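Structural overview for review
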Amino acid sequence: MARWPDHKPAPFAIRSCCAEITEAFSEKAFLIFATGGLAAYISQGLTFSLNNYLILFVWRLDTAPLPFLPDSVTGLTIYPLALAISAVLMFLTVAPFHARFGKPMSAAICAVGSAALTTLPYALYIAGMWPPLDTAQSAMLLLGLLIIGNTMSIIVLVSATSMVAEIVESYLERTGRRSEGSFYSVNWLIQKCATGLGIFFSGQVLAAISFPADADPDLVPQTVIVDLMLYYLAATIGLMLFAAFWLARFPITREEHEARLARLAPTQADTKLDRSVGAAPLASAKASDASPFAP
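Attention here is on the structure that accompanies the text. (Residues numbered from 1 in each chain as written. Predicted model: local features only at pLDDT ≥ 70, side-chain atom pairs only at ≥ 80, totals over all residues. Heavy atoms only, no water.)

Structural notes on the nonpolar core
- With 37 residues, the main nonpolar core has Phe-30, Phe-33, Val-156, Ile-167, Phe-183 and Phe-250 as its most contacted residues.
- Mapped onto this core, the elements with two or more residues apiece are helix 2 (28-58), helix 3 (75-126), helix 4 (136-175), helix 5 (180-208) and helix 6 (222-247).
- The residues touching Val-156, leaving out its near neighbours within four places in the chain, are Ala-40, Ala-107, Cys-110, Ala-111, Met-240 and Leu-247.
- In terms of nonpolar packing, the next biggest core, distinct from the first, is built from 32 residues, Leu-50, Val-73, Trp-130 and Ile-147 among them. (Core = buried A, V, L, I, M, F, W, Y, C linked by side-chain atoms within 4.5 Å. Buried < 20%, exposed > 50% of the residue type's maximum accessible area, 1.4 Å probe, protein only. Helix = DSSP H or I, 4+ residues; strand = E, 2+ residues; numbered from the N terminus. Contact = heavy atoms within 4.5 Å.)

So this is what it looks like as structure tokens:
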């Protein structure tokens, strides 16, 4: 039954908002999660903003034909479909990953795997071991590695975000207060700031390699293309390994979380019972006041 909360929330104030953010970062588990998540989110923002340059100027997907399809369908046409497939694969694989390895190790393993698979094409291209560009073989191999690598990168972000639930219950047991709003809000603040940093760094990369404005893919010097790949390789590998290092050290295990939920269950049940008992007289009183035949 819907009812008013036991205590009226305090009015919004900047001071209390800053205090909640500070309190969230004082939680050790949240600080470790935020450190690893920050690197993963920066990598995501960097990839998002550099992606247009990579798929057009490096891989030339807009001119790569695909087998058994009309000439008008290129690798660039199929690229959004590859991203959608990776999202579906994430939904099918994230639960088995968590069941087998737990959230922290799932995030760490997938961070390393994503870094390896998404940067492998660039390493092979620089080493002269990649198929010729503008070919179906190049496009299909790139899209295949992209699907698996992007699936793993999404698992990293989903696993990291879901760790907040463990932090909330740990904080509840330690302080007796629920603060889902604070922890999830700070998590979103980290994501937005990190994504912005990733976009900022991508601009610095383009400036550092003197990437020409309004460039034609056929006219960009090969040295600039190689520099772009090297910067992307270094940034992606460094950020994702850093994320894996910290996310693997998340201190709350699945066994600890389940044991904590078992300890908190009686308290939660008592709270619900107290609320239901307290609500009954109130409902009766309101019904009595509303009745014209009340004595």
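Details of the pattern of salt bridges
- Under the definition given, this model contains four salt bridges.
- The shortest N-O distance in the salt bridge between Asp-218 and Arg-60 comes to 2.9 Å. Of the two residues, Asp-218 sits in the loop between helix 5 and helix 6 while Arg-60 sits in the loop between helix 2 and helix 3, which places them 158 residues apart along the sequence.
- For Asp-218, a relative accessible area of 57% translates into the label exposed.
- The closest approach of N and O atoms between Glu-166 and Lys-103, which form a salt bridge, is 3.1 Å. (Salt bridge = Lys/Arg side-chain N within 4 Å of Asp/Glu carboxyl O.)

Observations regarding the packing of aromatic side chains
- Counted by the stated rule, this structure contains 14 aromatic pairs.
- Taking 6.1 Å as the distance between ring centres and 25° as the angle between the ring planes, the aromatic pair formed by Tyr-53 and Phe-57 counts as stacked. Of the two residues, Tyr-53 and Phe-57 are both situated in helix 2; the distance of four residues between them amounts to about one turn of the helix.
- On the accessibility criterion, Phe-57 (12% relative accessible area) is buried.
- Taking the centre distance of 5.1 Å and the plane angle of 55° together, the rings of Trp-59 and Trp-130 count as tilted. Within this pair, whereas Trp-59 is found in the loop between helix 2 and helix 3, its partner Trp-130 is found in the loop between helix 3 and helix 4, the two being separated by 71 residues in sequence. Here the two residues Trp-59 and Trp-130 agree in accessibility, since each one is buried.
- Ring-pair connections join several aromatic residues into one group, and the members of that group are Trp-59, Tyr-122, Tyr-125, Trp-130 and Tyr-232.
- Here the basic side chain of Arg-249 rests over the ring of Phe-245, its NZ or CZ set 3.7 Å away from the ring centre. (Phe/Tyr/Trp six-rings, centres within 6.5 Å; stacked < 30°, edge-to-face > 60°. Lys NZ or Arg CZ within 6 Å of the ring centre and 35° of its normal.)

Topic: the environment of Leu-81
- Mapped onto the fold, Leu-81 is located in helix 3.
- Of the residues examined, Leu-81 reaches a relative accessible area of 47% and is grouped as partly exposed.
- Put simply, Leu-81 and Leu-143 are 62 residues apart on the chain and 9.7 Å apart in space, counted from C-alpha to C-alpha.

A look at the environment of Tyr-184
- Examined against the element boundaries, Tyr-184 turns out to sit in helix 5.
- We classify Tyr-184 as partly exposed; its relative accessible area is 29%.
- It is 7.0 Å that separates the C-alpha atoms of Tyr-184 and Val-164, two residues lying 20 residues apart in sequence.

Points about the packing of helix 2 against helix 3
- At a closest axis distance of 11 Å, the pairing of helix 2 and helix 3 adopts a crossing angle of 130°. Classified by the angle between their axes, helix 2 and helix 3 sit oblique to one another. Judged by the sense of rotation from one axis to the other, the crossing of helix 2 with helix 3 is right-handed. On the side of helix 2, the interface is formed by Asn-51, Leu-54, Ile-55, Leu-56 and Val-58, while helix 3 contributes Leu-76, Tyr-79 and Tyr-122.
- Per-class residue counts for the contact of helix 2 with helix 3 are seven nonpolar, one polar and no charged. (Axes fitted to C-alpha atoms, helices over the stretch in contact; angles between N-to-C directions. Parallel < 35°, antiparallel > 145°, perpendicular 65-115°, else oblique. Left-handed = near helix turned anticlockwise from the far one by under 90°. Nonpolar A, V, L, I, M, F, W, Y, C, P; charged D, E, K, R; others polar.)

Digging into a nonpolar patch on the surface
- A surface patch of nonpolar side chains, about 440 Å² in accessible area, is lined by Leu-81, Ile-85, Val-88, Leu-89 and Leu-92.
- Its location among the elements puts Ile-85 in helix 3.
- According to the relative accessible area criterion, Ile-85 is partly exposed, its value standing at 36%. (Patch = residues over 30% accessible without salt bridge, like charges linked within 9 Å, V, L, I, M, F, W, Y side chains within 5 Å. Areas by Shrake-Rupley, 256 points an atom, 1.4 Å probe, with all protein chains shown as cover.)

What about the side chain of Thr-236?
- Inspection of the secondary structure assignment puts Thr-236 in helix 6.
- Polar contacts involving the side chain of Thr-236 include one to the main-chain carbonyl oxygen of Tyr-232, which spans 2.9 Å.
- In this view, Thr-236 contacts Ser-43, Ala-115, Thr-118 and Thr-119; residues no more than four positions away in its chain are not counted. (Polar contact = N/O pair within 3.5 Å; in protein donor to acceptor, adjacent residues only side chain to side chain.)

With respect to the environment of Ile-42
- As for its placement among the helices and strands, Ile-42 is situated in helix 2.
- Sequence separation between Ile-42 and Gly-196 is 154 residues; the distance between their C-alpha atoms is 7.7 Å.
- Not counting chain neighbours up to four residues away, the residues in contact with Ile-42 comprise Ala-194, Leu-197, Gly-198, Phe-201 and Leu-239.

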